[in-house]
Amino acid sequence: MKNTRREFLKLAAVSALGVGAGRLGFLGDAPAHAGALPTVANFEEGLKAKHWGMAIFSAKMTPELIEKCRTACHSEHNVPDIPGNKNIKWFWGASYEESFPTEHGHYLSEDVEHRQFPLLCNQCETPMCVKVCPTQATFQRPDGIVMMDFHRCIGCRYCMAGCPFGARSFNFQDPRPFIKHFNPQFPTRMRGVVEKCNFCAERLAVGKLPSCVEAAGGAIAFGDLADENSDVRKALREHFAIRRKPDAGTSPSVYYIL
Amino acid sequence: MYNAKYIIPGIIFFLALIFVPVAYNMGKNFEVKPELPKDQKDCIEDAQTMRDKHMQILNEWRNEAVRDGNRIYVNAKGQKYVKSLTNTCMSCHADKAKFCDRCHETVGVAPYCWDCHNLTPNQKTPIPLAAMSEAGGH
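Described in the following lines is the structure provided in the data block. Note that this is a predicted model, so its numbers are computed, not measured.

In this section: the overall build of chain A. Along chain A, the regular secondary structure elements total ten helices and ten strands. Just so you have it, chain A exposes about 13200 Å², and 55% of that area is on carbon and sulfur atoms.

All right, on to the overall build of chain B then. Scanning chain B from terminus to terminus reveals five helices and two strands. Moving toward the C terminus, one meets the helices and strands of chain B in the order α-α-β-β-α-α-α. Compactness check: chain B gives a C-alpha radius of gyration of 22 Å against a globular reference of 14 Å for 138 residues, more than 25% above the reference. A principal-axis box enclosing the C-alpha atoms of chain B has dimensions of 70 × 40 × 35 Å.

Below, the discussion takes up helix 10 (residues 231–238) of chain A. Residues and elements named next belong to chain A. Looking only at helix 10, the buried set comprises Val232, Ala235 and Leu236. What you see down the axis of helix 10 is that its buried residues fit within an arc of 95°, all on one side. Across from the buried face of helix 10, at angles greater than 90 degrees, the exposed residues are Arg237 and Glu238. Each element contacted by the buried residues of helix 10 is listed here: strand 1 (52–57), strand 8 (220–224), strand 9 (241–242) and strand 10 (254–257).

Before going further, it helps to spend a moment on the packing of aromatic side chains. Residues and elements named next belong to chain A. Scanning all chains against the criterion turns up nine aromatic pairs over all chains. Measuring from ring centre to ring centre gives 5.2 Å for Phe100 and Phe117, while their planes differ by 90°; the resulting arrangement is edge-to-face. Note that Phe100 is positioned in the loop between helix 4 (96–99) and helix 5 (110–113) and Phe117 in strand 3 (residues 117–120), a separation of 17 residues in sequence. What makes Phe100 buried here is its relative accessible area of 1%. Take Phe117: its relative accessible area is 0%, and that puts it in the buried class.

Next up on the list: helix 4 (residues 100–107) of chain B. Those residues of helix 4 of chain B that sit buried are Cys100, Asp101 and His104 of chain B. Projected down its long axis, helix 4 of chain B shows its buried positions confined to an angular sector of 80°, all on one face.

Looking now at the pattern of salt bridges. If you walk through the whole model with that rule in mind, you get 14 salt bridges over all chains. With its nearest N and O atoms 3.6 Å apart, the salt bridge here joins Lys38 of chain B to Glu35 of chain B. Across the pair Lys96 of chain B and Asp101 of chain B runs a salt bridge whose closest N-O atoms are separated by 3.1 Å. Here Lys96 of chain B matches Asp101 of chain B in class, with each residue buried. Within the structure, one salt-bridge network assembled from shared partners comprises Glu76, Arg203 and Glu214 of chain A.

Soluble globular proteins tend to bury their nonpolar side chains together. The biggest cluster of nonpolar side chains holds 46 residues, and the ones touching the most others in it are Met54, Ile56, Met61, Leu120, Phe199, Ile220 and Tyr256 of chain A. Looking at this core, the elements with two or more residues in it are strand 1, helix 3 (63–76), strand 2 (91–94), strand 3, helix 8 (201–204), helix 9 (211–216), strand 8 and strand 10 of chain A. If we skip the residues at most four places from it in the chain, Ile220 of chain A touches Met54, Ala55, Ile56, Met61, Cys212 and Val213 of chain A. Counting twelve residues, the second largest nonpolar core, distinct from the first, contains Ala137, Cys159 and Phe170 of chain A together with Cys116 of chain B.

To continue, consider the sheet that holds strand 8 of chain A. Residue and element names in this part refer to chain A. The strand order across the open sheet built from four strands is 8-1-10-9, with neighbouring strands paired in mixed fashion. Here the strands that pair on one side only, and so sit at the sheet edges, are strand 8 and strand 9. Relative to strand 10, strand 1 runs parallel, the two being bridged by four bridges. From the neighbouring strand, Met54 faces strand 10, where its bridge partner is Val254.

Take the interface of chain B and chain A next. Chain B puts 34 residues into the contact, and the matching count from chain A is 39 residues. The junction of chain B with chain A conceals about 3200 Å² of combined surface from both sides, 60% of it contributed by carbon and sulfur atoms. Remark: the boundary between chain B and chain A carries two salt bridges. Between Glu44 of chain A and Lys80 of chain B there is a salt bridge; the shortest N-O distance is 2.8 Å. Within the residue set of the side of chain B that touches chain A, elements represented by two or more residues are helix 2 (47–67), strand 2 (80–82), helix 3 (85–92) and helix 5 (129–136) of chain B. Class assignment of the residues belonging to the side of chain B that touches chain A gives a composition of 14 nonpolar, twelve polar and eight charged.

A separate point is the side chain of Asp149 of chain A. As for its placement among the helices and strands, Asp149 of chain A is situated in the loop between strand 5 (146–148) and helix 7 (158–162). We classify Asp149 of chain A as buried; its relative accessible area is 0%. For Asp149 of chain A, the side chain forms a polar contact with the side chain of Arg67 of chain B, separated by 3.0 Å.

Looking now at the environment of Ser169 of chain A. Residue and element names in this part refer to chain A. The residue Ser169 is located in strand 6 (residues 169–170) in this model. For Ser169, a relative accessible area of 3% corresponds to the buried category. Along the sequence, Ser169 and Arg233 sit 64 residues apart, while their C-alpha atoms lie 30 Å from each other. Looking at Ser169, its side chain comes within polar contact range of the main-chain nitrogen of Lys89, at 2.9 Å.

Which parts of space are left empty comes out when a probe the size of a water molecule is rolled across the atoms. Empty space within the second largest pocket amounts to approximately 330 Å³. Each residue belonging to the lining of the second largest pocket can be placed in one class, and the counts come to eight nonpolar, three polar and five charged.

Cut-offs and rules
- Residues numbered from 1 in each chain as written.
- Chains lettered and ligands numbered in written order.
- Predicted model: local features only at pLDDT ≥ 70, side-chain atom pairs only at ≥ 80, totals over all residues.
- Heavy atoms only, no water.
- Helix = DSSP H or I, 4+ residues; strand = E, 2+ residues; numbered from the N terminus.
- Areas by Shrake-Rupley, 256 points an atom, 1.4 Å probe, with all protein chains shown as cover.
- Rg over C-alpha atoms; globule rule 2.2 N^0.38 Å.
- Buried < 20%, exposed > 50% of the residue type's maximum accessible area, 1.4 Å probe, protein only.
- Arc of directions from axis to C-beta.
- Contact = heavy atoms within 4.5 Å.
- Phe/Tyr/Trp six-rings, centres within 6.5 Å; stacked < 30°, edge-to-face > 60°.
- Salt bridge = Lys/Arg side-chain N within 4 Å of Asp/Glu carboxyl O.
- Core = buried A, V, L, I, M, F, W, Y, C linked by side-chain atoms within 4.5 Å.
- Pairing = 2+ DSSP bridges.
- Buried area = accessible area lost by both parts, 1.4 Å probe.
- Nonpolar A, V, L, I, M, F, W, Y, C, P; charged D, E, K, R; others polar.
- Polar contact = N/O pair within 3.5 Å; in protein donor to acceptor, adjacent residues only side chain to side chain.
- 1 Å grid on protein atoms, 1.4 Å probe; cavity = no way out; pocket = protein on both sides within 12 Å on 5 of 7 lines; lining within 4 Å.
- Points joined across faces, edges and corners; volume = space filled by probe spheres on them.

What follows is the structure in C-alpha cells.
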C-alpha cells in the first residue's frame, strides 16, 4: 500500500498521542513505600555523635547475611543494579585476601580464609578522597562521616583514584532504569556523578541506625567512637579488631572483629 | 564614510531585526497560572516570597541539609518544615507538569532538579531521564 502524506501525518499524530500518554503514566501511582514521610519531630530527635564508627563481627557474617544487608542498603538508597563492570557498590562482600591485602595472612585458618567480609565506605578519619576532590563535593562532617554532595560532583573521579578501598562508584549512565527496589523518599543520582555509602546520614538524622546495621541483626555494632560506653567501643574493648589497609594512613572508622 | 549607502541601511535593518521580538511582545500580558494544591492553603512562606525566592530557598536548603546536617526550616511565622524538595515541596505540589513546568517553560528555564529528585514521595518507579528530556533537560 502506498502511503499518502495525509495518512502519514495522521499516523504521526496518533503516535505522538501515545508517547504523550506514556509520559503521564506516573500520575496515577499509588504509594509504593510503606514508611510514612519523616516529620519535623523525627528530625528533632536525630542521633548525634562526636565520631561515628562501626565494628563488624566478621565471624557472624555469612554470605546470606551480607546479601541481606546489601539489599537493605541498596534499596534504601536507590542504588542501581547494573550488570558488568559499570556496577555501583555501596555495600558488598569480598574474600579475606581482597579485604586485607596488606595483612599477608599466609596459612590462615580455614574459617577465616573462606570467610566473606562485608565492605563499605570506611568513613576514614583522614580521608584521601576529601583531600583530592577539587570541588569539595566530598567532604567530612564534624561527626566523622565522609559525605557526598551530589550536587557539586563534576565527575572528575579524582576521589575514586584517591580512595584506597575502591569504595566509590561512578555513574557511567543514567542509573534510573536499573533501580529495582525503588524508595521514592530518597533521590536517585544522574549520569557523571560519583557515589558511595554515606553511613546512612539521612537515617541518623531521624534517629534511626543505618540500614545495614538494622539488617545485620547484631552482627554490626554501630555508635560513637568517642563515647566509652557506646556499643562500638564495647565491642572493640572485648574483641580483637583490625582495620583495612592501615598503611594507607587514612584511619578507617570501620573495624573488623576477626 | 565609504559605502554609507550600504552600511546605514544595513545597521537600520539589523536594529529592526533584533527589536522584532520586543515589538512583538509589547503590550502583551504576561500571565502564568500554575495549578495550586487543593487541600493546602499556605505554602512554607507567603506566595510573593515563594514566587521571587523559591530558587534561593531551595539552594539554601540543599546546602544546609547536605553539608551542615541542618534539616529543619523555620519560616517567618515560626512554623517548622523538613528541608526536602521531594518530601516537602512535591508532596503538596504533586503534579510537576501543572505547577513547576508551567512557569519554567514560559520563562524558558530548565532546572535539572528532577534528574535526581523524585517527582512525588508516592511514585512507584523512578522516571528515566529520556522521558524527562523536554522538561528537565539541561
